[in-house]
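Structure assessment
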Amino acid sequence: MKKNFDVIIIGGGIIGSAIAYYVSKSGMSVAVLEKNELASGTSSRCDGNILAIDKDPGFDSQMSLASQKLVNELSKELEHHFEYRAPGSILVCETEEEMIAAEKWVARQKEAGLPFKMLDRSDIRQESPFFADDLLGGLECETDSTVNPYLFSFALAEGAKKKGANIYTHTEVHSIKKSTTGDFKIETSSGLFTAKKVVNAAGIWAPMIGKMLDIPIPIKPRKGHIIVASRQQPVGLRKVMEFGYLISKFGGQRKVDPPTEKYGVALVFEPTESQNFLIGSSREFVGMNTTVNIDVIKCIARRAIRFYPKMADMLVIRTYAGLRPWTNDHLPIISHVDEVPGFYIAAGHEGDGISLAAITGKLIDELIKEKSHTTIPIEPLRYDRFKVKGVVHS
Amino acid sequence: MSELVIIGAGPAGLAASIAARECGLKVTLIDEFIKPGGRLLGQLYQERDGTWWNGIKETDKLVAQAEKLGVEITCGISVYHLNKHEHGWLVHTNHGSMQAPYVLLATGAAEYHVPMPGWTLPGVMSVGAAQVMTNVHRVKVGKKGMIIGANILSFAIMHELQLADLNIACMVLPPKNEISKSAAKPMEVMKSLLRASHLAPSPILRFGSRLLINESLCKLALRFLPKKGMSVWGIPIHLRKAAIEIVGNQQVEGVKVVDITMDGEPIKGTEEIVQVDFVCISGGLYPLAELAAVAGCPFHYIPELGGHIPQHNERMETPLKGLYVAGNITGIEGAKVAIAQGFVAGYSIAEHTGASRETAKRKLEEAMKNVKDIREKAIIQFYPNVKENRDKLYGAYQCI
């Protein structure tokens, strides 16, 4: 069997699946090479948000908004249902200082044209009877949506297959070489593949793929833990985060106890479609380790109970940990690599892989087709931005 | 502080607590359920010699013995994590943490799920849930039911439900899908049932065990199965019919069944609705081994023992110092084997601590021999070739 394709995508997570969908929709021959099963890495160790609420106002949130629109279209376009809902999301504040910061945040987001609004104490009560009494208020983003990340990955991959994409699981890439004709030769555990263009969508493993072509990619794994809890009574219908999550995400100083600070713990509450719920979050740089650390889990649980005291009596189903592909400016790399013509990177989404998968797929398709105009500007996502800023490649 | 924490007060855990306590160890035995006994509580069947095996009575005997020896039994506690600590193991429970140099995992087994359309309707349950409700809680699960899935477990429990005066309309196979696999293929099911035919007082099955030793005869038998199914304890068993959907508005009202080919493919135009108000789905058992996994124990995948098995040897030791396993977590077998393994684990731990070393050593050897004897005589064998697969597993242990 000849394994020659227009485009080969390395990595069968949410990003690789989304790219496979959009590129095969454009009529190109596509193969996805995945070393394990589809969505077996970060895409099955995460939660399922398409959020603008936690994005820096401006480019970041505009990119999320564009992705939200695409996901809404995909929910109608893809054959498989992926538990898509768009109930909005909220951030809650525990101090006056956070309320003031939240007001500024809302003002900036509104200025950028996003549907944000402040919530007062009674709004918070309305949101869920399980909230702690002392919460001062919060803010809301109306368009935020939620999906089942696992089903979303599979729905995209199945959609791609229907459009002719070939998906090779248990196919690990060993080496990539550019031949004299300009085509790529990819040696894998399932034999040789050739392609005109190659997309590196390997998430936390993207640096290893980059290395095969001497392209350093500054992505580091940032570990996160999640608790899955069982529904007893409906706790809330929407995604909830504490305002401190933003501070934790962007590396600011919070007034919390040492373990909470050490593990980067901040409340994230996400109801699933069946009304079980996910509780996060933590952020640590501890290498490629996905072992659940019970101390982190306890810290996350304590944080959840601070915001939802009655949660102390609810049952936990399981816990898991995953690795976010982190970049130092919190933006993904969605870019052509000029040093190796025909080689693209679509990785480094940190905790926004589910949020930004659709727009990433769309952008890579546009880049491959060398369109003069892309859906959103791609300048901030370029690979060479790290060089421009003088960041040392790790 | 206890020297040994045993997680799971089923047959294996109870037996282990008795053995370890006999040798003078301080033992704490904990269980998630409100009372000790585990799945032993639900068991009721007739032995080959005509006497009855009553799980509740067997539990009472073991509990009385353990309590007399001074085992501390605490129920209603669930363990959510297990990790290594400088002084041994740290057992995290919903009632705080416990420390002990030795931990025995006797967590038993859980049932495989077989999803199918309509399976979330009230009135659909696993066959094990029906057993617990009937024999432990003494709750009648419905008026008339259907069992989906023909295996040793479902046959055994079907008989128990019948003894409790529940009306079972019939037993059929699950729909053919990626999860049900060979459980939806009449030929495979027939073969696996024949291995246990001494259990089923059905003329066909008994006849079968003697004659249907080869595949073509099996096929022939399946082809000429009576239209009304073959009868086991008076209940029709349809190996050529599969359930394809559970129907009902607010709760189970019936099951849509269809005739199937030898290979499990539905035959169009043969669909009919059987009216029932409860459904028991049976997909077999797998070892409940999450705690071994979080503790970092290596695993082997052995389908014939029920799935992923924590690495261990015949002394019930895992490669992790101080961590032991016994009962169904080591592979799916009957309660009698679990009890025998529990004794092995208890003496094995006692011998390792140095407590009553000579006694423990002697009793350990006896107990290990006893496991083999009981396995050979076992009336209920859930999977074929258990012995061969165990030998393979224990052989592999040496190589670590």
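Since the model is a prediction, treat every value here as computed from it, not as a measurement.

Definitions and limits used
- Residues numbered from 1 in each chain as written.
- Chains lettered and ligands numbered in written order.
- Predicted model: local features only at pLDDT ≥ 70, side-chain atom pairs only at ≥ 80, totals over all residues.
- Heavy atoms only, no water.
- Helix = DSSP H or I, 4+ residues; strand = E, 2+ residues; numbered from the N terminus.
- Rg over C-alpha atoms; globule rule 2.2 N^0.38 Å.
- Buried < 20%, exposed > 50% of the residue type's maximum accessible area, 1.4 Å probe, protein only.
- Contact = heavy atoms within 4.5 Å.
- Areas by Shrake-Rupley, 256 points an atom, 1.4 Å probe, with all protein chains shown as cover.
- Lys, Arg positive; Asp, Glu negative; His and termini not counted.
- Charge placed at Lys NZ, Arg CZ, Asp CG, Glu CD.
- Pairing = 2+ DSSP bridges.
- Axes fitted to C-alpha atoms, helices over the stretch in contact; angles between N-to-C directions.
- Salt bridge = Lys/Arg side-chain N within 4 Å of Asp/Glu carboxyl O.
- Core = buried A, V, L, I, M, F, W, Y, C linked by side-chain atoms within 4.5 Å.
- Domains from an automatic or database assignment.
- Buried area = accessible area lost by both parts, 1.4 Å probe.
- Polar contact = N/O pair within 3.5 Å; in protein donor to acceptor, adjacent residues only side chain to side chain.
- Nonpolar A, V, L, I, M, F, W, Y, C, P; charged D, E, K, R; others polar.
- Parallel < 35°, antiparallel > 145°, perpendicular 65-115°, else oblique.
- UniProt positions renumbered as here; feature names shortened; annotations may be inferred.
- Expected span 1.5 Å × (residues − 1).

Quick look at the overall build of chain A now. Scanning chain A from terminus to terminus reveals eleven helices and 18 strands. Scaling as 2.2 N^0.38, a compact globule of 394 residues should have a C-alpha radius of gyration of about 21 Å, and chain A matches this with 21 Å. Based on the C-alpha atoms only, the size of chain A along its principal axes is roughly 70 × 40 × 40 Å. Here chain A holds 394 residues, and the buried ones make up 58% of them. Once local pairs closer than 6 in sequence are excluded, the contacts in chain A between residues at least 24 apart make up 75%. Approximately 16,200 Å² of chain A is accessible, and the part contributed by carbon and sulfur atoms is 52%. Treating the 49 positive side-chain charges of chain A as one cloud and the 48 negative ones as another, the clouds have centres 4 Å apart.

It is worth spelling out the overall build of chain B at this point. Within chain B, the secondary structure is distributed over eleven helices and 22 strands. A compact globule built from 400 residues should have a C-alpha radius of gyration of about 21 Å, and chain B, at 22 Å, falls within 12% of that. Based on the C-alpha atoms only, the size of chain B along its principal axes is roughly 70 × 45 × 40 Å. By the burial criterion, 52% of the 400 residues in chain B qualify as buried. Of the roughly 18,000 Å² of accessible surface on chain B, 53% is carried by carbon and sulfur atoms. For chain B, the distance from the average site of its 42 positive side-chain charges to the average site of its 38 negative ones is 4 Å.

Right, let's get into the sheet that holds strand E15 (residues 277-280) of chain A. Residue and element names in this part refer to chain A. Ordered in space as E5-E6-E4-E13-E14-E15-E12-E16, the eight strands form an open sheet in which the pairing is mixed. Across the chains shown, the open sheet's two edge strands, defined by having one partner strand only, are strand E5 (116-119) and strand E16 (316-326). Direction aside, neighbouring strands of the sheet carry axes that sit 20° apart on average. In the sheet, strand E14 (residues 268-271) pairs with E15 via four bridges, with the strands oriented antiparallel. Residue pairing for E15: Val268 is matched across the bridge by Gly280. Against the sheet, helix H3 (residues 96-111) makes contact with strand E4 (89-93), E5 and strand E6 (137-141), and its axis sits at roughly 160° relative to E5, the strand it touches most.

Below, the discussion takes up the pairing of strand E20 (residues 299-302) of chain B. Residues and elements named next belong to chain B. Here E20 runs beside strand E21 (residues 307-310); their pairing, made up of four bridges, is antiparallel. Bridge assignment links Phe299 to a residue of E21, and that residue is Pro310. Turn length for the E20-E21 hairpin, with the two strands adjacent in sequence and antiparallel, is four residues, and the turn residue Gly306 shows positive phi of about 110°.

All names here are of chain A. The full count for this structure, using the stated rule, is 41 salt bridges over all chains. With a shortest N-O distance of 3.1 Å, Lys239 and Asp47 are connected by a salt bridge. Of the two residues, Lys239 sits in strand E13 (residues 239-242) while Asp47 sits in the loop between strand E2 (30-33) and strand E3 (49-50), which places them 192 residues apart along the sequence. Across this residue pair, the class does not change: Lys239 and Asp47 are buried. Ionic pairing is found between Arg303 and Glu94, a salt bridge with its closest N-O pair at 2.5 Å. Remark: Glu94 occurs in the loop between E4 and H3 and Arg303 occurs in helix H9 (residues 294-307); sequence separation between them is 209 residues. What you see here is one network of salt bridges that share partners, running through Glu94, Asp134, Glu242, Arg254, Arg303 and Arg306.

Here the focus is the nonpolar core. All names here are of chain B. Core analysis: the biggest nonpolar cluster contains 49 residues, and Leu4, Ile6, Leu25, Leu104 and Phe343 have the highest contact counts within it. Elements with a minimum of two residues in this core: strand E1 (4-7), helix H1 (11-22), strand E2 (27-31), helix H2 (55-69), strand E9 (102-105), helix H9 (335-353), helix H10 (357-377) and helix H11 (386-398). For this core, the element with the highest residue contribution is H9, accounting for eleven residues. Setting aside its immediate chain neighbours within four residues, Phe343 contacts Ala15, Ala16, Ile18, Ala19 and Ala367.

Residues and elements named next belong to chain A. Annotation of chain A at the domain level lists domain 1 (4-45 + 150-218 + 329-389) and domain 2 (89-142 + 220-326). Its C-alpha centre places domain 1 at a distance of 31 Å from the equivalent point of domain 2. Contact with domain 1, which involves 14 residues of that partner, is made by 15 residues of domain 2. Both faces combined, the contact of domain 1 with domain 2 buries some 1,200 Å², and carbon together with sulfur accounts for 61% of it. Counting every contact that joins domain 1 to domain 2 gives two salt bridges. Where Glu350 meets Arg222, a salt bridge forms, and the shortest distance between an N and an O atom there is 2.6 Å. Counting every contact that joins domain 1 to domain 2 gives six residue pairs in polar contact (both at pLDDT 80 or more). In terms of residue class, the side of domain 1 that touches domain 2 is built from four nonpolar, seven polar and three charged.

This part is about the packing of helix H1 (residues 14-25) of chain A against helix H2 (residues 59-77) of chain A. All names here are of chain A. With their axes 14 Å apart at the nearest point, H1 and H2 run at an angle of 70° to one another. One element, H1, and the other, H2, form an angle in the roughly perpendicular class. Across the interface between the two elements, Tyr21, Tyr22 and Lys25 from H1 touch Leu70, Leu74 and Glu77 from H2. Residue composition of the contact of H1 with H2, grouped by class: four nonpolar, no polar and two charged.

Turning our eyes to something else, we now look at the UniProt feature "domain: FAD/NAD(P)-binding" (unreviewed entry) in chain B. In the UniProt entry, the feature "domain: FAD/NAD(P)-binding" (unreviewed entry) is given for residues 3-150 of chain B. Secondary structure over residues 3-150 of chain B splits into 25% helix and 35% strand, and the C-alpha atoms at its two ends are 43 Å apart.

Further remarks concern the sheet that holds strand E6 (residues 79-85) of chain B. Spatially, E6-E7-E8 (chain B) is the arrangement adopted by the three strands of the open sheet, whose pairing is antiparallel. The strands lining the two open edges of the sheet, one partner per strand, are E6 and strand E8 (96-100) of chain B. Geometrically, the sheet is characterised by an average inter-axis angle of 20° between neighbouring strands, direction not taken into account. In this structure, E6(B) lies alongside strand E7 (residues 88-93) of chain B, joined through six bridges in antiparallel fashion. Bridged to Lys84(B) within E7(B) is Trp89(B). Sitting on the sheet, H9(A) is in contact with E6, E7 and E8 of chain B, with an inclination near 140° to E6(B).

Looking now at the side chain of Glu127(A). Residue and element names in this part refer to chain A. Within the element layout of this structure, Glu127 appears in helix H4 (residues 121-127). A distance of 2.9 Å separates a polar atom in the side chain of Glu127 from a polar atom in the side chain of Arg238. Dropping the residues within four chain positions of it, Glu127 is found in contact with Ile90 and Arg238.

The next subject is the UniProt feature "transmembrane region" (unreviewed entry) in chain A. The UniProt entry lists residues 7-24 of chain A under the feature "transmembrane region" (unreviewed entry), expressed in the numbering used here. For the annotated span residues 7-24 of chain A, helix accounts for 61% and strand for 22% of the residues, and the straight-line distance between the end C-alpha atoms is 9 Å.

So, about helix H5 (residues 149-162) of chain A. Residues and elements named next belong to chain A. For H5, spanning 14 residues, the distance from its first C-alpha to its last is 20 Å, which sits close to the expected 20 Å at 1.5 Å a residue. Restricting attention to buried positions, one finds in H5 the residues Pro149, Phe152, Ser153, Ala155, Leu156, Ala157, Gly159 and Ala160. Considering only its buried residues, H5 is in contact with H1, H2, strand E8 (166-168) and helix H10 (353-368). The N-cap of H5, judged by a side-chain oxygen 3.0 Å from the amide nitrogen of Tyr150 a few residues on, is Asn148. Downstream of H5 by a residue or two, Gly164 has a phi angle that is positive, lying close to 105°.

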